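The primary structure of each chain is shown beneath.
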Amino acid sequence: MSPAGTQRSLPGASGSPGFPSFLEGLRVVAGREVAAYFDSKIAYVFVIAFVVLANWLFMSRFFLTGLVDMTAFFDSMPLLLPFFIPAVTMRLWAEERKSRTIELLLTLPIRTFQAVLGKFLAAFLLFGLALLGTLPIVVMLVWLGDPDLGLIASGYLGLLLMGALFLSAGMLISALSCDQIVTFVVSSLVCLLFVGTGNEWAVALLDGLSPSLSAGTFLYESFSVIPHYDAFVRGLIGLSALIHMLGLSLLFLWITAQILERVRE
Amino acid sequence: MIEVDNVTRRFGKVVAVDQVSFRIGPGEIVGFLGPNGAGKSTLLKMMCTWLPLSSGRIRIAGDDVQQNPLAVRRSLGYLPEHNALYEGMKVDRFLRFMGRARGLPAGRLKERMQWSVSKCGLEPVLGKRIQECSKGFRQRIGVAAALLHDPPVILLDEPTHGLDPLQVVAFREFILQLREGRAILFSSHILAEVTSISDRLLIIHQGRLLADIGVDRLRERALERGQDLEQCVLEIVRAGECVA
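Each residue is numbered by its place in its chain's sequence as written, counting from 1. Written order decides the labels, with chains lettered from A and ligands numbered from 1. Local features in this predicted model are restricted to residues whose pLDDT is 70 or higher, and side-chain atom pairs enter the listing and the counts only when it is 80 or higher, whereas totals over whole chains, interfaces and linings include all residues.

**Student:** Any chance you could explain the overall build of chain B here in plain terms?
**Tutor:** The numbering of helices and of strands both runs from the N terminus, where a helix is a DSSP run of H or I of at least 4 residues and a strand a run of E of at least 2. For chain B, the count of helices and strands is nine helices and 10 strands. Taken over the C-alpha trace, chain B has a radius of gyration of 18 Å; the compact-globule value for 244 residues is 18 Å, and the two agree within 12%. In terms of principal-axis extent, the alpha carbons of chain B reach across some 55 × 40 × 30 Å. Whether two residues are in contact depends on their C-beta atoms, placed from the backbone: they are in contact if these lie within 7 Å. Taking the contacts inside chain B whose residues are at least 6 apart along the sequence as the reference set, 66% of them involve residues at least 24 apart. As a reference, a globule follows 2.2 Å times the number of residues to the power 0.38, and the radius of gyration itself is taken over C-alpha atoms.

**Student:** Is there a simple way to explain the overall build of chain A in this structure?
**Tutor:** Along chain A, the regular secondary structure elements total 13 helices and zero strands. What you see in chain A, going N to C, is helices and strands ordered as α-α-α-α-α-α-α-α-α-α-α-α-α. Taking the principal axes of its C-alpha atoms as reference, chain A extends roughly 80 × 50 × 35 Å. Once local pairs closer than 6 in sequence are excluded, the contacts in chain A between residues at least 24 apart make up 78%.

**Student:** Explain the interface of chain B and chain A to me, please; I cannot follow it from the model alone.
**Tutor:** Frequently, the measure chosen for interface size is the accessible area removed from exposure when the parts meet. Every contact between the two is made by 42 residues of chain B and, on the other side, 33 residues of chain A. Among the secondary structure elements, those contributing two or more residues to the side of chain B that touches chain A are helix H2 (69–75), helix H3 (91–101), helix H4 (106–119) and helix H6 (165–178) of chain B. Considering every element that reaches the side of chain B that touches chain A, the biggest residue donor is H6(B), with six residues.

**Student:** Can you help me understand the sheet that holds strand S2 (residues 14–24) of chain B in this one?
**Tutor:** Picture the strands of a sheet paired through backbone hydrogen bonds; they go either parallel or antiparallel. Residue and element names in this part refer to chain B. Judged by pairing direction, the sheet is antiparallel, and its four strands sit side by side in the order S2-S1-S4-S5 without closing on themselves. The sheet is open, and its two edges are formed by S2 and strand S5 (63–64), each paired on a single side. Both strand S1 (residues 2–11) and S2 contribute to a ladder of seven bridges, which runs antiparallel. Looking across to S2, one finds that Arg9 is bridged to Val17. At least two DSSP bridges between two strands are required for those strands to pair.

**Student:** Could you clarify how one ought to interpret the packing of helix H6 (residues 112–132) of chain A against helix H8 (residues 149–176) of chain A in this entry?
**Tutor:** The angle between the axes and the distance between the axes are what describe a pair of packed helices. Residue and element names in this part refer to chain A. Orientation is described by axes fitted as lines to C-alpha atoms, over the contacting stretch for helices, and by angles from 0 to 180 degrees between their N-to-C directions. The geometry of H6 relative to H8 is characterised by a closest axis approach of 10 Å and an angle of 140° between their N-to-C directions. By the angle class used here, H6 and H8 are oblique. Read as a crossing pair, H6 and H8 show a hand that is right-handed. Contacts between H6 and H8 pair Lys119, Phe120, Ala123, Phe124, Phe127 and Leu131 from the former with Tyr156, Leu159, Gly163, Ala164, Leu167, Ser168 and Met171 from the latter. Each angle is binned into one of four classes, with values under 35 degrees roughly parallel, values over 145 roughly antiparallel, values of 65 to 115 roughly perpendicular, and all other values oblique. Helix crossings are classified by the rotation of the near helix relative to the far one: an anticlockwise turn of less than a right angle makes the crossing left-handed, while a clockwise turn makes it right-handed.

**Student:** What exactly am I supposed to notice about unusual backbone geometry here?
**Tutor:** With the exception of glycine, the majority of residues adopt a negative phi angle, and the majority of peptide bonds are in the trans configuration. Residues and elements named next belong to chain B. The backbone phi angle of Gln19 is positive, close to 50°, even though this residue is not glycine. Here Gln19 shows up in strand S2. The phi torsion at Glu158 lies on the positive side, around 50°, for a residue other than glycine. Among the residues examined, Glu158 registers 23 C-beta atoms within 10 Å and is labelled buried. Burial in this document is a count-based property: other C-beta atoms within 10 Å of a residue's C-beta are tallied, and the residue is buried at 20 or more, exposed at 12 or fewer, or partly exposed in between, with C-beta positions derived from the backbone.

**Student:** What is the right way to read the pairing of strand S7 (residues 153–157) of chain B from this model?
**Tutor:** Residues in a regular strand point their side chains to alternate faces of the sheet. Residues and elements named next belong to chain B. Counting buried residues in S7 gives five out of five residues, a clear majority hidden from the surface. Where burial is concerned, the two faces of S7 agree: the one with Val153, Leu155 and Asp157 and the one with Ile154 and Leu156 are both buried. Across five bridges, the pairing between S7 and strand S8 (residues 183–188) is parallel. What sits directly across from Leu156, in S8, is Phe186. Note on handedness: a crossover is taken as right-handed if, strands pointing away from the viewer, the path from the first strand over the helix to the second is clockwise. One crossover worth recording links S7 to the parallel S8 by way of H6, and it is right-handed.

**Student:** I'm lost on the sheet that holds S8(B) in this one. Help?
**Tutor:** Residue and element names in this part refer to chain B. As summarised here, the arrangement of the six strands in space is S6-S7-S8-S3-S9-S10, forming an open sheet in which the pairing is mixed. Looking at the sheet topology across the chains shown, the edges are occupied by strand S6 (76–79) and strand S10 (208–214). Going from strand to strand, the sheet's axes swing by 15° on average, the running direction of each strand aside. Running at roughly 145° to S7, helix H1 (residues 40–47) makes contact with strand S3 (29–33), S7, S8 and strand S9 (200–205) of the sheet.

**Student:** Help me understand the pairing of S6(B) in this model?
**Tutor:** Residues and elements named next belong to chain B. Where burial is concerned, the two faces of S6 agree: the one with Leu76 and Tyr78 and the one with Gly77 and Leu79 are both buried. Sheet topology note: the S6/S7 ladder contains four bridges and is parallel. Note that in S7 the partner of Leu79 across the bridge is Leu156.

**Student:** What exactly am I supposed to notice about the nonpolar core here?
**Tutor:** Among buried residues, those of type Ala, Val, Leu, Ile, Met, Phe, Trp, Tyr and Cys that are joined through C-beta atoms within 7 Å form a set called a nonpolar core. Residues Phe94(B), Ala144(B) and Leu155(B) are the most contacted members of the largest nonpolar core, which totals 143 residues. Beyond its immediate sequence surroundings of up to four residues, Ala144(B) is in contact with Leu95(B), Ser116(B), Val117(B), Cys120(B) and Leu122(B).

**Student:** Help me understand the environment of Glu221(A) in this model?
**Tutor:** Residue and element names in this part refer to chain A. Along the chain, Glu221 falls in helix H11 (residues 215–222). Judged by the 13 C-beta atoms lying within 10 Å of it, Glu221 falls in the partly exposed class. Between the C-alpha atoms of Glu221 and Ala72, which are 149 residues apart in sequence, the distance is 24 Å.

**Student:** Teacher, can you tell me more about the confidence of the model for chain A here?
**Tutor:** A score between 0 and 100, pLDDT records how confident the predictor is in each residue. For chain A, per-residue confidence averages 88 on the pLDDT scale, and residues scoring 70 or more make up 93% of the total. Per-residue pLDDT stays below 50 along residues 3–16 of chain A; that stretch engages in 22 contacts with residues further than four places along the chain or on separate chains.

**Student:** Looking at this structure, I do not really get the confidence of the model for chain B. What am I missing?
**Tutor:** Caution applies to low-pLDDT parts of the model: their predicted coordinates are not meant to be read in detail. All names here are of chain B. Summarising the model, chain B shows a mean pLDDT of 89, and 98% of its residues fall at 70 or more. The secondary-structure element of chain B with the lowest mean pLDDT is helix H9 (residues 229–239), recorded at 82, while strand S4 (residues 55–60) shows the highest, at 96. Predicted complex metrics record ipTM = 0.88 and pTM = 0.88.

**Student:** Looking at this structure, how should I read the environment of Glu96(A)?
**Tutor:** Residue and element names in this part refer to chain A. Position of Glu96 relative to the elements: it lies in helix H4 (residues 94–99). In the structure, Glu96 is positioned 61 residues away from Ala35 in sequence and 15 Å away in space, judged by C-alpha atoms. Excluding residues within four positions of it along the chain, Glu96 makes contact with Thr101, Ile102 and Leu105.

**Student:** Would you take a moment to explain the packing of helix H2 (residues 42–65) of chain A against H6(A) for this structure?
**Tutor:** All names here are of chain A. As a packed pair, H2 and H6 sit with axes 9 Å apart at the nearest point and diverge in direction by 40°. Read as a crossing pair, H2 and H6 show a hand that is right-handed. Of the residues in H6, those in contact with Ala43, Phe46, Val47, Phe50 and Val51 of H2 are Leu126, Leu129 and Ala130. Among the residues forming the contact of H2 with H6, the class breakdown is eight nonpolar, no polar and no charged. Throughout, the ten residues Ala, Val, Leu, Ile, Met, Phe, Trp, Tyr, Cys and Pro are labelled nonpolar, Asp, Glu, Lys and Arg are labelled charged, and all others, Gly among them, are labelled polar.

**Student:** What should I look at first to understand helix H3 (residues 71–89) of chain A in this one?
**Tutor:** In an α-helix, one turn spans 3.6 residues, which is why side chains three or four residues apart end up on the same side. Residues and elements named next belong to chain A. Taking 1.5 Å of rise per residue, the 19 residues of H3 would be expected to cover 27 Å, and the 27 Å separating its terminal C-alpha atoms lies within 8% of that figure. Bend at a residue means the angle formed by two fitted axes: the first through the 7 residues ending at that position, the second through the 7 residues beginning there. Its maximal kink placed at Leu80, H3 deviates by approximately 50°, while the proline Pro82 follows within four residues. Residues of H3 that are buried include every one of Phe73, Phe74, Met77, Pro78, Leu81, Pro82, Phe84, Ile85, Pro86, Val88 and Thr89, and no others. At its buried positions, H3 is contacted by H2, H6, helix H7 (135–144), H8, helix H9 (180–196) and helix H12 (226–233). Here the expected length of a helix is defined as 1.5 Å per residue gap, with one fewer gap than residues.

Rendered as C-alpha cells:
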C-alpha cells in the first residue's frame, strides 16, 4: 500500500457500479476461461491432438472406401469425444474449488447460472475451434468430388450438439469434485455411457439380461445420444433429437448451478 | 451501512456464530478481533453472501444479503481470508476482469484501475502473472481488486496477513484514507493492529460477540483496572460476558 501520492483526491463512496448485463456477465466469465485455457496450454494440446487424431481416423478409412463423404469422420467422433471433452471440462469447477477462487467468483455481482453458462460457452468455443481444424477435410472432399454439403452441415450440427451434451455433463461432474483426475475419469465414463447405450450389442445384451424390462431398448431410446446423433449424420434434423440433446445439456447446466449453490453451504 | 441482527450460523451441531448483532455506519472503521476459529471469517462470509445464514438478518447498504445478494455484492469490497486469486492471470488482466464482472464501464474501469494500482503500489507487477508475485504483492492485488469498484462497504479478512512490518504500516495509513463515506470492517487476531486504526472493536469468541466497544472506552477500562490493553481483552474473553 503506498501512502505516497495521497494528494490525489480519493473518489468518494458514491457512484457504485451497476450490475453487468446478463450477456456482459457471460462474456466476462467466458473471456476469462478462454484466456485460462490458452494460458495453461490446455487449448493448444486439445486442439492439436484432436485435429491430428480426427484427421488421421478419417484418412485411414477414406483411402480404403474411396467415398467422397464424411461418414468415416462422423462415425469416429462418438469414440473420440468421451476422452477429449472431459479434458476440457475437468478443470472448470474442480480447480475453482481446489484453489478456493470459487468464493471470489461467486461473490461477484453475477448469478451462479451466469457463471456456469459463461464457463460452458468458453469450453464450447474451444470445442468449436477444434472442429474448425477438421474443415480441411471438407475442402479436400469438395476439391476431389461432389460431396453432399447439406449432409455434412447436418453432421457437424449433430456433432456440436453431442459436444454440448458431453461438455455440460463433464461440467456437472467437475462441480462435484475438487480432484481433476477423478473428474476426468468419471466424465469419460458418463460420456461413454451415453455412447455405449447406443451400441446394438450393448442393447441386445441388456435386453437379454432383462427380457421383461427391455432395459437395453429403453436406454437406447430414452438416454443414448447415438440414435439422435446418427439421425443428424444421415441428414435428418429431428425435433426430438434437438430437444433430447439441447434439453439434457440445459438440464445438466441447471443442475451444475444448483450444486454450486449447495457448495456454499 | 452494515446491520447485523441476531445472526446465527450452524455447521451441523456446531454453532460457529451465535446470535451476533452489531451495526457499522458510514465513516467508521471497526476491527473484528478474536482468536482463530472464533467465527470471524464465518460471519464475514455470510456478510459477503458466500455463506447462507442459519437465522437472523444482515443488511449491507440497505440490502438484505439473503433476499438481494446481487445488490449486496455490488456494494461490497471483500478480501477473503485466504485471498485466493487466479494464479495464471496477469495482474492487469485480473483487475480488468474483476472490474468488468462488477459492471464498471470501460472509461470508469480505466480510471479505477489507475487509482487502485497506484494506491496499492502494484506498478512493478502489473504485467506479471499472479503466481510470480510475492505474498505481499498478492495481498495488495486482493485489496486492489476489492476496492476497484469504489464500494461503500469494505470487508477485509486478515488483510495484513503476509505483509512485512513496513507494508503493515502503509496499509494502516491506506485504510484510514478510505474512511470517508465508507463502512470498513476488518478482522484480525492481532490486538495492536486492530486498535491502531479502529474506532470500535468487536470481540468475538466461540461464535459469541463478547464486546462491541470503542477503542477509547477500552483504553479507559484498561486504565481503570490497571491493565494493559491485551490483559483487558483477555479478561473479557475469559469472563465470556458481553461488554458494551
